[in-house]
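Listed below are the residues making up each chain.
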Amino acid sequence: MRVPFIKMHGLGNDFIMLDARETPLPGPLENATVKALADRREGIGCDQLILMEPDDTATIRMRIYNSDGAEVEACGNGARAAGMLLGEEATIATAGGMIATRPDASGISVDMGVPRFEWDAIPLAYPMDTERLPLGWGTLEAPLAINVGNPHVVFFVDDADAVPLEALGPQIEMDSVFPERINVNVAEVVERASMRLRVWERGAGLTRACGTGACASAVAAMRRGLVDREVTVHLPGGPLIIAWGDDDRIIMTGGATEAFRGTFAWDDYAG
Ligand SMILES: N[C@@H](CCC[C@H](N)C(=O)O)C(=O)O
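What you see is a predicted model; the values in this text were computed from it and never measured. (Residues numbered from 1 in each chain as written. Predicted model: local features only at pLDDT ≥ 70, side-chain atom pairs only at ≥ 80, totals over all residues.)

Q: Describe helix α1 (residues 31–38), listing the residues and the values that go with them.
A: Every buried residue belonging to α1 is among Thr-33, Val-34, Leu-37 and Ala-38, and all of these are buried. The buried side chains of α1 occupy one side of the element, clustering within an arc of 125 degrees when seen end-on. Of the exposed residues in α1, those oriented more than 90 degrees away from the buried face are Asn-31 and Ala-32. Where the residues of α1 are buried, they touch β2 (13–19), β3 (48–53), β4 (60–66) and α5 (266–269). (Buried ≥ 20, exposed ≤ 12 C-beta atoms within 10 Å, placed from the backbone. Helix = DSSP H or I, 4+ residues; strand = E, 2+ residues; numbered from the N terminus. Arc of directions from axis to C-beta. Contact = placed C-beta atoms within 7 Å.)

Okay, structure coming up:
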C-alpha cells in the first residue's frame, strides 16, 4: 500500500508530514519505521516526522517523532507547518499540551502555551535552581532550564558560532542529570530586540532552526532581563519572532514552506 506524504520545512528544519485525519496509516508507526523514513541516504529524509490525526478536543492531534525514531512532546516549526496545511485558525493537541495556530501576514503565528521552570517539570534528576543550573560542560556553564512543552537548556554565550556544538551537544543531551534527555541551545544576545541562536536538538542533532528552542531561549533571555518581551531570534535557517505576553503565554511567528508531495510504499519501511 502506498502512503502519501508532504515534505515541509520551517526555516530549514524539515518534516515528513503524514495526514491521517481521514485515512489511518496501514499499521502502527514503529520506531524503526520512523528512523528508516527519516534517513537522508536511504529514506525520504527529515529532522522530524509529524503525524496529523483526528482529535475530539482539537482541530487535530499532532504526534511528533524525532529522526532517531522516538516520539516527543512538542515541535514549534512542525506546528507552523501543520498550521499552514490547516490554512485557518486551528487548535492542535500535542503530548506537550494544547497549542493554537493562526495565519499571519508574516507566516503562521502559534500560541505555544505557558513555560515551566520547576526542576521536576523540566525534568531534572534532582532539585536544582533552574534559573542557573550549577553545572558546566567544556566552555558552556550555568544554563537556564525551561520546559516549553519539551525540555531545553539555554546557555548564553558571546559568539554562538564559536561553540563546538557538534561535540558538546550530544554530551549535554545525554547527561544523566536530564532523565528525558534535553535540547541544547546556545544563544547570543545581539541587542534588546535581537538574538542569535544555534540548537542541538534531542534525537535529531544540529538543525537549521528549532521553534521550541527559539521560544525557550527568548523566554530565558527575558527572565534574565537581557532582551525585551518581544524579540527576533535569528537561527541559521532564518528569523522567528517570539513574544512572551503578560498572560504568560508564548507566541511564536514565522514562516513554513511546502517543498513537495509524494508517496512511499508502507511495506518498504514498516516491520
Ligand atoms: N524542531 C522542533 C523540536 C523537535 C523536538 C525536539 N527535538 C525534542 O526532542 O524535544 C521545533 O521546531 O521545536
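Still more ground to cover, so stick around.
Q: I'd like a description of the pairing of strand β13 (residues 183–191), backed by residues and values.
A: Inspection of the sheet shows strand β12 (residues 151–156) paired to β13 by five bridges, in the parallel sense. Along β13, the bridge assignment pairs Phe-156 with Ala-187. Regarding topology, helix α3 (residues 165–173) serves as the crossover connection from β12 to the parallel β13, and that connection is right-handed. Summarising the sheet, β13 and strand β14 (residues 194–201) pair through seven bridges and their orientation is antiparallel. Within β14, the residue paired with Glu-188 across the bridge is Arg-196. Counted along the chain from β13 to the antiparallel partner β14, the turn is two residues long. (Pairing = 2+ DSSP bridges. Right-handed = clockwise from strand over helix to strand, strands pointing away.)

Q: How would you summarise the site of the ligand if you had to cite specific residues and measurements?
A: Among the 19 residues in the neighbourhood of the ligand, the closest are listed as Asn-77, Asn-150, Arg-202, Gly-211 and Thr-212. Elements represented by at least two residues in the shell around the ligand include exactly α2 (76–86) and α4 (211–223). Considering every element that reaches the shell around the ligand, the biggest residue donor is α2, with three residues. Looking at the shell around the ligand, its residues break down into four nonpolar, 12 polar and three charged. (Near = placed C-beta within 6 Å. Nonpolar A, V, L, I, M, F, W, Y, C, P; charged D, E, K, R; others polar.)

Q: Please set out the UniProt feature "binding site: substrate" (unreviewed entry) in the protein chain residue by residue, giving values where relevant.
A: This chain's UniProt record puts "binding site: substrate" (unreviewed entry) on Asn-13, Gln-48, Asn-66, Gly-76, Asn-77, Asn-150, Asn-183, Glu-201, Arg-202, Gly-211 and Thr-212. Within the secondary structure, Asn-13 is located in strand β2. Secondary-structure assignment places Asn-66 in strand β4. Accessibility expressed as a C-beta count within 10 Å gives 22 for Asn-66, which makes it buried. With residues up to four places along the chain from it excluded, the contact list for Asn-66 reads Gln-48, Val-72, Arg-202, Gly-203 and Ala-204. (UniProt positions renumbered as here; feature names shortened; annotations may be inferred.)

Q: Quick one: what's the story with the UniProt feature "active site" (unreviewed entry) in the protein chain, residue by residue and with numbers?
A: Here, the residues flagged by UniProt with the feature "active site" (unreviewed entry) are Cys-75 and Cys-210. Spatially, the listed residues are clustered: although they cover 136 residues, their C-alpha atoms lie within 7.7 Å of one another. The residue Cys-75 is located in the loop between β5 (71–72) and α2 in this model. If we skip the residues at most four places from it in the chain, Cys-75 touches Gln-48, Ile-50, Ile-64, Gly-211 and Thr-212. Along the chain, Cys-210 falls in the loop between β15 (205–206) and α4. Overall, the presence of 35 C-beta atoms within 10 Å leaves Cys-210 in the buried class. Once you skip the residues sitting within four places of it in the chain, Cys-210 turns out to touch Asn-13, Asn-77, Asn-183, Val-199 and Glu-201.

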